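Secondary and tertiary structure notes
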Amino acid sequence: MNQQPKRIEKASNAPKAKPRPSPAAQNGPEHFDVLIVGAGISGIGSAYHLLQQCPGTSFVILETQADYGGTWRTHRYPGIRSDSDLYTFGYRFKPWTGPPIATAEEILSYMGEVIDENDIARHIRYRHKISDASWSSHDKRWTVTAHDLDTGEARTFTAGFLWMCQGYYNHDQGYTPEWPGMADFKGRIVHPQTWPEDLSLADKEVVVIGSGATAATLVPAIADKCKHVTMLQRSPTFFRTGRNAIDLADELRRLEVDEAWIHEIVRRKILYEQWVFTHRCTSEPEVVTKELLSAVKHYLGEDFDIAKHFTPHYRPWRQRIAFIPDGDLFQGIKQGKASVVTDEIERFTETGIRLKSGKDLKADIIVTATGFNLNVMGDIAFDLDGKPVDFSETVTYRGLMFTGVPNMAWVFGYFRASWTLRTDMVADLVCRLLKHMKEKGVSQVVPQLRPQDSNMPILPWIDTENFNPGYLLRGMHLWPKRGDKPEWQHSQDYWTEKNQVPCADLEDGCLVYAK
């Protein structure tokens, strides 16, 4: 008799809503010039730029969660922290003054300051979950339906422009494969994305499945709280290590340099060093690999089997490289509080996991740090004049707009550089576009391929030979396509796009305007 897979536990501690007035019964749609979807790192940054660059533009931010923060609000597993430095993950307009690798709490505090300092809170509607968005060519506007999760009421908004800042994965449930025997396991199975508030680790044997940034953060965070934690990985991952401090920033502060100057100087230094490192990953991958593994050996010693457990079969940067501050993951392994096993899962058992090598891992708690469930445009049902939009049939304009889809932009950040670098970059282009439309006296803009693009190859969203993490590959068929020209792709190369995107010609024929 087939058993159902064991249900992955969900967190019980939903974020507490900020007090807000009870909305009055809606008599008709509320209209705004711009509707921003999501109050995470991208949505708040976009709102700031809209206020600064397009004063007088009316806008609203619709957010499903009970508070701002996105990932940093919904992910509550132990030790959650950035895997990018906050000098570049932070906004360009707001100096970061803390350690480069920051906790979720520190990031939320930083975002809260941006909201307070710029009076953004009054523009945000929390607990509003968007179900559908419909474009009317006659009215030249979007009609958006959102459900107020506090009252159950369906509320309608109209907007001249949609700014999608909701990210690219499902916040409600992470990705967990279905392994044989999951229903047999007598312990608890949890996903980091929905970490239960009541989960006790004391005297427990914990197995964390995965080896990405989440696992590398979680393992050292719980190593002192449980009996033992094992990181179980199918294959190794590259990591970078270093102090959670930047000497240049510390020195400039000792000299009492203004924080805005420190932020910009350190930001530029980090971006230059990242550019050099990224280039070296393709020009001399063997040398970079040796350097990365040497850093691991520094912590674990000559006798540890680094070839088996920390030497990937791909060149550096084909998948994201997480930063391990102060080598805390490796220190836990060295001290015997944590261990790493490289093997494949055959099945779950009553007491843990049986591996394909025949070994059994005992576990009281199994954590599936196995990635995200991707979604496209927040799983919102889009239509154009009643015809459903299939984004996989569109081609992206500079990674932020889509052929045939009017008056909409999407923020999709970088994998090899900080996500927020592109939030700022996209905001500049969107604000420039909105002002350009106003100057032209038009109300609609639609990307479309030009005659000279007719023979251009149409390719997947990401070049999988260049970057191929599993969470992207699983959903690649759902994503928009790209071309091989700068206008028709998101190259994932910040150091090229930082010069190209600000100079994008809004009258080069890629964008078609209408009254």
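A brief report on the enclosed structure follows. (Residues numbered from 1 in each chain as written. Predicted model: local features only at pLDDT ≥ 70, side-chain atom pairs only at ≥ 80, totals over all residues. Heavy atoms only, no water.)

Digging into the side chain of Thr74
The residue Thr74 is located in helix H2 (residues 71–74) in this model. In this structure Thr74 comes out as buried when scored by relative accessible area, which is 6%. Beyond its immediate stretch of four places on either side in the chain, Thr74 contacts Gln65, His171 and Gln193. (Helix = DSSP H or I, 4+ residues; strand = E, 2+ residues; numbered from the N terminus. Buried < 20%, exposed > 50% of the residue type's maximum accessible area, 1.4 Å probe, protein only. Contact = heavy atoms within 4.5 Å.)

Remarks on the nonpolar core
Core analysis: the biggest nonpolar cluster contains 149 residues, and Trp163, Tyr168 and Phe382 have the highest contact counts within it. Take this core: its biggest share by element is eleven residues, from helix H11 (residues 419–440). The contacts of Trp163, once residues within four sequence positions are left out, are Val34, Leu35, Ile36, Val37, Ser46, Leu50, Ala409, Val411, Val426, Ala427, Val430 and Cys431. Of all hydrophobic cores here, the second largest spans 15 residues; its members include Phe185, Val341, Phe348 and Ala363. (Core = buried A, V, L, I, M, F, W, Y, C linked by side-chain atoms within 4.5 Å.)

Points about the sheet that holds strand E14 (residues 352–355)
In spatial order, the strands read E13-E14-E15; together these three strands make up an open sheet with antiparallel pairing. This sheet does not close on itself; its edge strands, each paired only once, are strand E13 (345–349) and strand E15 (360–362). Across the sheet, the mean angle separating the axes of adjacent strands is 20° when strand polarity is ignored. As paired elements, E13 and E14 share four bridges and run antiparallel to each other. Counted as the bridge partner of Thr349 is Gly352 from E14. (Pairing = 2+ DSSP bridges. Axes fitted to C-alpha atoms, helices over the stretch in contact; angles between N-to-C directions.)

Considering the sheet that holds strand E7 (residues 188–190)
The parallel open sheet is built from five strands, whose spatial order is E7-E16-E8-E9-E12. Lying at the two open borders of the sheet, with one neighbouring strand each, are E7 and strand E12 (338–342). The mean angle between the axes of side-by-side strands here comes to 20°, regardless of whether they run parallel or antiparallel. Bridge count between E7 and strand E16 (residues 365–368): three bridges; the pairing is parallel. Note that in E16 the partner of Val190 across the bridge is Val367. On the sheet, helix H5 (residues 213–222) packs against strand E8 (205–209), strand E9 (228–233), E12 and E16 and is oriented at approximately 170° with respect to E8.

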